[in-house]
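So the chains spell out like this:
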Amino acid sequence: MVKTTLSPIIAGTMSWGVWDKNLTTSEMANLIHVCSENKITTFDHADIYGGYTTEAEFGKAFSESKIDRKKIQLISKCGIQHVLGNRNNKIKHYDYSKEYIIWSVENSLKNLHTDYLDVFLLHRPSPLMNADEIAEAVEKLKSEGKILDFGLSNFTPSQTDLIRSKTEVSYNQVQFSATDFKAMTDGSLDHMQVHNIRPMAWNPLGTVFREKTDQTRRLKTLLAELVGKYHVGSDTILLSWVLQHPAKVIPIAGTVNVSRIQQLYKATEFKLENEEWFAIWTESMGTKVP
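Quick summary incoming for the structure in this document.

Definitions and cut-offs
- Residues numbered from 1 in each chain as written.
- Predicted model: local features only at pLDDT ≥ 70, side-chain atom pairs only at ≥ 80, totals over all residues.
- Heavy atoms only, no water.
- Salt bridge = Lys/Arg side-chain N within 4 Å of Asp/Glu carboxyl O.
- Helix = DSSP H or I, 4+ residues; strand = E, 2+ residues; numbered from the N terminus.
- Polar contact = N/O pair within 3.5 Å; in protein donor to acceptor, adjacent residues only side chain to side chain.
- Contact = heavy atoms within 4.5 Å.
- Core = buried A, V, L, I, M, F, W, Y, C linked by side-chain atoms within 4.5 Å.
- Buried < 20%, exposed > 50% of the residue type's maximum accessible area, 1.4 Å probe, protein only.
- Pairing = 2+ DSSP bridges.
- Expected span 1.5 Å × (residues − 1).
- Axes fitted to C-alpha atoms, helices over the stretch in contact; angles between N-to-C directions.
- Parallel < 35°, antiparallel > 145°, perpendicular 65-115°, else oblique.
- Left-handed = near helix turned anticlockwise from the far one by under 90°.
- Nonpolar A, V, L, I, M, F, W, Y, C, P; charged D, E, K, R; others polar.

**Considering the pattern of salt bridges**
Per the counting criterion, the structure on display carries 13 salt bridges. Between E144 and K146 there is a salt bridge, with the nearest N and O atoms lying 3.2 Å from each other. Between D161 and R164 there is a salt bridge whose closest N-O contact spans 3.3 Å. Of this pair, D161 and R164 are both found in helix α6 (residues 157–164), three residues apart, which corresponds to roughly one turn of the helix. Beyond isolated ion pairs, a larger network of salt bridges with shared partners links E106, K140, E144 and K146.

**Points about the side chain of T42**
Looking at the secondary structure, you find T42 in strand β2 (residues 42–44). Side chain to side chain, T42 and Q73 meet in a polar contact 2.6 Å long. Residue contacts for T42: discarding those within four places in its chain leaves L6, S7, I10, A11, Q73 and I75.

**Looking at the nonpolar core**
Ranked by internal contacts, the top residues of the largest apolar core, which has 75 residues, are W16, F150, F176 and W241. In contact with W16, not counting residues within four places along its chain, are K21, N22, L23, M28, L31, I32, C35, F43, F58 and V256.

**A look at the environment of K98**
Among the structural elements, K98 can be located in helix α4 (residues 98–112). Taking relative accessible area as the criterion, K98 reaches 25% and is therefore assigned partly exposed. For the pair K98 and D132, spaced 34 residues apart in sequence, the C-alpha to C-alpha distance is 9.2 Å. Here K98 is in contact with E133, E136 and A137, once residues within four sequence places are set aside.

**Let's talk about the pairing of strand β8 (residues 171–175)**
Across the five residues of β8, four count as buried, placing the element largely inside the fold. Where strand β7 (residues 147–153) meets β8, three bridges bridge the pair, whose relative direction is parallel. Along β8, the bridge assignment pairs G151 with Y171. In this structure, β8 lies alongside strand β9 (residues 198–202), joined through five bridges in parallel fashion. Looking across to β9, one finds that Q173 is bridged to M200.

**Considering α4**
The terminal C-alpha atoms of α4 lie 21 Å apart, and with 15 residues this matches the ideal 21 Å at 1.5 Å per residue to within 8%. Of all the residues in α4, the buried ones are Y100, I101, I102, S104, V105, N107, S108, L109, N111 and L112. Structurally, α4 contributes buried residues whose contacts are with α3 (54–65), β3 (73–78), β4 (80–81), β6 (117–122), α5 (131–143) and β7. Looking one or two residues past α4, H113 carries a phi angle of roughly 55 degrees, positive in sign.

**As for unusual backbone geometry**
Positive phi outside glycine occurs at N22, with the angle close to 50 degrees. Among the secondary structure elements, N22 is positioned in the loop between β1 (10–12) and α1 (25–37). In this structure, N196 takes a positive phi of about 55 degrees despite not being glycine. Within the fold, N196 resides in the loop between α8 (188–194) and β9. Residue classification places N196 among the exposed residues on the basis of a relative accessible area of 62%.

**Description of the packing of α1 against α3**
The contact between α1 and α3 brings their axes to 8 Å, and the two run at 65 degrees. Taken together, the axis directions place α1 and α3 in an arrangement best described as roughly perpendicular. Here α1 runs over α3; the crossing is right-handed. Across from T25, S26, M28, A29, I32 and H33 in α1, the residues of α3 making contact are E57, F58, K60, A61, F62, E64 and S65. A breakdown of the residues in the contact of α1 with α3 according to their chemical character gives six nonpolar, four polar and three charged.

This is the structure we're talking about:
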């Protein structure tokens, strides 16, 4: 039973810290306010962001913002062991031992200046993950009120089944967009619907604005027509395409541009016609639908 209610679009924080925008504490606090004022109240984190620094930076900003903790939702992830930051790792690997999961969640709570995570996710699957051990950690964290809901990130249906055979899985965060729609065709989104697992989509705008390929050129031509028809931004149309999937996908938007954040929620109020939705998929594939 899902205990959390997340905003229909989530703010992704990966670019907020030293990995990209390197926002100051006051800039982050302002951005938290901007997101909240525009109905984006859920913030997606991972321990590794910013080389294990962004959570703590966000935590300082959240404290400075004076926003009521009950008015926002916090997601974080663990498991990836990077060779960077303050870790003494010799190679990149994964750790899903019971002790590490519990330690990582408690460390995230300290960094984020909060008593609980609304959602806690395993960041990427590991060949060595032990489902019983993971379940023991999750159940302990839930019983102590340190996490409300548990889920996965980048897990296949079979990997998801392995974990959910031992403990409830409420979310799976996967890559899904008009340019990368594999989750829609490989059974991932179908599997989530069957098992009442809510998908989150990272990189929901895909590569449309970042790459110049035949695929993105075709999409931009179609998007220009739809922008002219509906008088909304291309990003609104692309987010709407993701939102219209019946799996009830929650897109994670990583922008820190205030004017774009102010427009994001429009995607939840806008709907493409059926043939327009398929036209976007068609242009992405470069061929008619099967």
